[in-house]
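Structure assessment
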Amino acid sequence: MKALAVAPVFIPLITLLIGIMLRPYHQQVKVVSLVGAALLTLVGIRLVALANADVVLAVQLGGWEAPYGITVIIDRLSAAMVAITGIIGLAAALYGLVREGNPDVLRNFHIFLHGLLAGVCGAFITGDVFNLYVWFEVLLIGSFALIALGGGRRRLSGTMTYVVLNLLATLVFLLSAGLIYSSTGTLNMGELGLIFRAGEAPPAATLAVVMMLVSFAIKAALFPVFGWLPASYHVAWTPVSALFAGLLTKVGVYAMIRIVTLVWPEYGQAHEVLLWVACATMLVGVLGAAAQNEVRRILSFHIVSQVGYMILGLALASPLAIAGAVFYLIHHIVVKANLFFIGGIAARMTGSERLAAMGGLYAKAPWLAILFAIPALSLAGIPPLSGFWAKFVLVKASLADGFWWAAGVALLTGIFTLLSMSKIWNETFLKAHPQGEKAIRIDDEMRWGWWAISGLAAMTVLIGIGAGPVMEYAIAAAGQLADPVVYFQAITHPGGR
Amino acid sequence: MEWLAALTAGGLAGIGMWLLLDRNLIRVVLGVAILGNAINLGVLASGRFAGSEAAFVTATTVPADPANALPQALVLTAIVIGFGLFAFALAVLKSVRESHGVTTTDRVTEITEEPAPDIEEVGLQIHQDDADHHHDAEEVRQ
């Protein structure tokens, strides 16, 4: 059990090390990378199965009892996040099996990928504030290496923006962790939650938590601190963009859900602020997308707007709303990463990712059109796909709490999202290619990428059709978040479980 | 002692923020480094400066007046990580400046806003835009 709890971190780390040692052997590195990502997926699925049977893994590392040691806790939310991280990692590794281009760069992608996955998984399973900071840094350094991959003027400029603003966010987080320690004397999330829930938190601790939420907001790209995301995500190589789109902002969202539900389980002032921020994020993101004319830049703005939905669920704070946020998180990672992968394949076939220079794909590659339609309609919230259920629950939860205007913003954003998606559809698939049909390239090179997007599209359909069990899982996860017994047990019964 | 650390951290953070808001990329990166050090000092001060001995407990002796070891461990971690990230930021700065002649934040924004080049999507060609950075190099000299 102990090994299983730390496996989500150790599998990518070991894969990374083996990858570095096998550096000269490109084929072997790719195989190792695929095996590592597949193993991570399997461990994630095993963790979800355990969590679904109401087992919560809690391990104290290094033989020190909480709150002195570092706690690793895997509840339903963490288990689901680890599983989905493995799946996205596997899809990216599959897409990265292409053979064109600089072979060293392609090899490096497979190595750095696992550095990123280790950081992401670490952030999902830790129960300690400072440890969360360390995992943020691990995933950050992995993402720095990945976004700069391949070089070039535009890419390096985007990297510069990305590096500076993410470093700033992480520094704010470090400061808030220091302030939390100085005001409460603990860094353990469980103990922190107990202090806050008992109403014994000094004002300085409240301030420190607010500061921490600000840094998570930068990570999650919330209004008004989202500017770095649409300024940098579109410059990276396609599978890198897809990885970032699926996972990175969602680490920020996860951390926000974790901390807010732990310290303020009831609706309060913080939730009111979050509610406004969520609505502004949804609207600004989707309106920003309307002004863009490149596939990935449109999709980048949609990441911002979609994060707003998750924060809406968190802000409403009712059990149904939190469950909606968890469901949204799971659905969104799959859909968003898939749209980026499909955008990459479409750009390769048409020779550009500027909408004006694309077209004709519906005639030449109808399967790609169908594969695009599934996540695109899901993103907009068309039944019976996964996005419909996610939005349905959130709208229902806002109406139940009397926030009809929040529900209105959510629905309006859905309509604008549909408009954006139909813009991509018209320009990329329906319109004739400006240079004629001959310009469209169809070859076998991307077959692994096709496997990745087909698998992710199938998952979207499955989450939509099997929404019942997934929603039950999310509701139970929300229950655990509202009453994180295990987080507190680690403090009150050290060594338990 | 705490007040001195607080003032120093505050002053450093101020300088760091001031540099961060500059248009010159070198100053921006230096600003991140200085702000990072300000925050490291703040974290160290968060454990208070009580105690006068290293907190080493051996089989025979227990220090009478141990210093708080936790913030030291935290800040050591943060320094190491911060150093690595700073080195990476410098490397990006160097290659952006030397190979592409970009030195200001405005220029960085402009370049990322440029329309996407028609590239072979899979390609990851490294020198896809050698052709147009001579123009930037001209700008630098002026």
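Residues numbered from 1 in each chain as written. Chains lettered and ligands numbered in written order. Predicted model: local features only at pLDDT ≥ 70, side-chain atom pairs only at ≥ 80, totals over all residues. Heavy atoms only, no water.

Taking an unreviewed UniProt entry as the reference, chain B is identified by name as Na+/H+ antiporter subunit C belonging to Azoarcus taiwanensis. In UniProt, chain B has this text filed under Subcellular location (unreviewed entry): "Cell membrane". As stated in UniProt under Sequence similarities (unreviewed entry), the record for chain B gives "Belongs to the CPA3 antiporters (TC 2.A.63) subunit C family." (UniProt positions renumbered as here; feature names shortened; annotations may be inferred.)

The name an unreviewed UniProt entry gives chain A is Na+/H+ antiporter subunit D, with Azoarcus taiwanensis as the organism. You can read under Sequence similarities (unreviewed entry) in the UniProt record for chain A the words "Belongs to the CPA3 antiporters (TC 2.A.63) subunit D family."

**Re the pattern of salt bridges**
As enumerated under the stated definition, the model contains twelve salt bridges over all chains in all. The salt bridge involving R76 of chain A is made with D54 of chain A; its shortest N-O contact spans 3.0 Å. With R76 of chain A in helix α3 (residues 76-95) and D54 of chain A in the loop between α2 (26-52) and β1 (57-61), the pair connects residues that are 22 residues apart, well separated along the chain. Taking the relative accessible area as the measure of exposure, R76 of chain A reaches 5% and is therefore buried. A relative accessible area of 51% means that D54 of chain A is categorised as exposed. Put simply, R23 of chain B and D106 of chain B hold a salt bridge, and the shortest N to O gap is 3.3 Å. One end of the pair, R23 of chain B, is in the loop between α1 (2-20) and α2 (25-46); the other, D106 of chain B, is in helix α4 (residues 105-113), with 83 residues separating them in the sequence. (Salt bridge = Lys/Arg side-chain N within 4 Å of Asp/Glu carboxyl O. Helix = DSSP H or I, 4+ residues; strand = E, 2+ residues; numbered from the N terminus. Buried < 20%, exposed > 50% of the residue type's maximum accessible area, 1.4 Å probe, protein only.)

**Overview of the interface of chain A and chain B**
Every contact between the two is made by 57 residues of chain A and, on the other side, 52 residues of chain B. Of the roughly 4,500 Å² buried between chain A and chain B on both sides combined, carbon and sulfur atoms contribute 68%. Taken together, chain A and chain B are joined by two salt bridges. Linking R297 of chain A and E113 of chain B is a salt bridge whose minimum nitrogen-to-oxygen distance equals 3.1 Å. On inspection of chain A and its partner chain B, the count reaches seven residue pairs in polar contact (both at pLDDT 80 or more). Ranked by the residues each element gives to the side of chain A that touches chain B, the list is headed by helix α6 (residues 153-184) of chain A, at 20 residues. Broken down by class, the residue content of the side of chain A that touches chain B amounts to 30 nonpolar, 16 polar and eleven charged. (Contact = heavy atoms within 4.5 Å. Buried area = accessible area lost by both parts, 1.4 Å probe. Polar contact = N/O pair within 3.5 Å; in protein donor to acceptor, adjacent residues only side chain to side chain. Nonpolar A, V, L, I, M, F, W, Y, C, P; charged D, E, K, R; others polar.)

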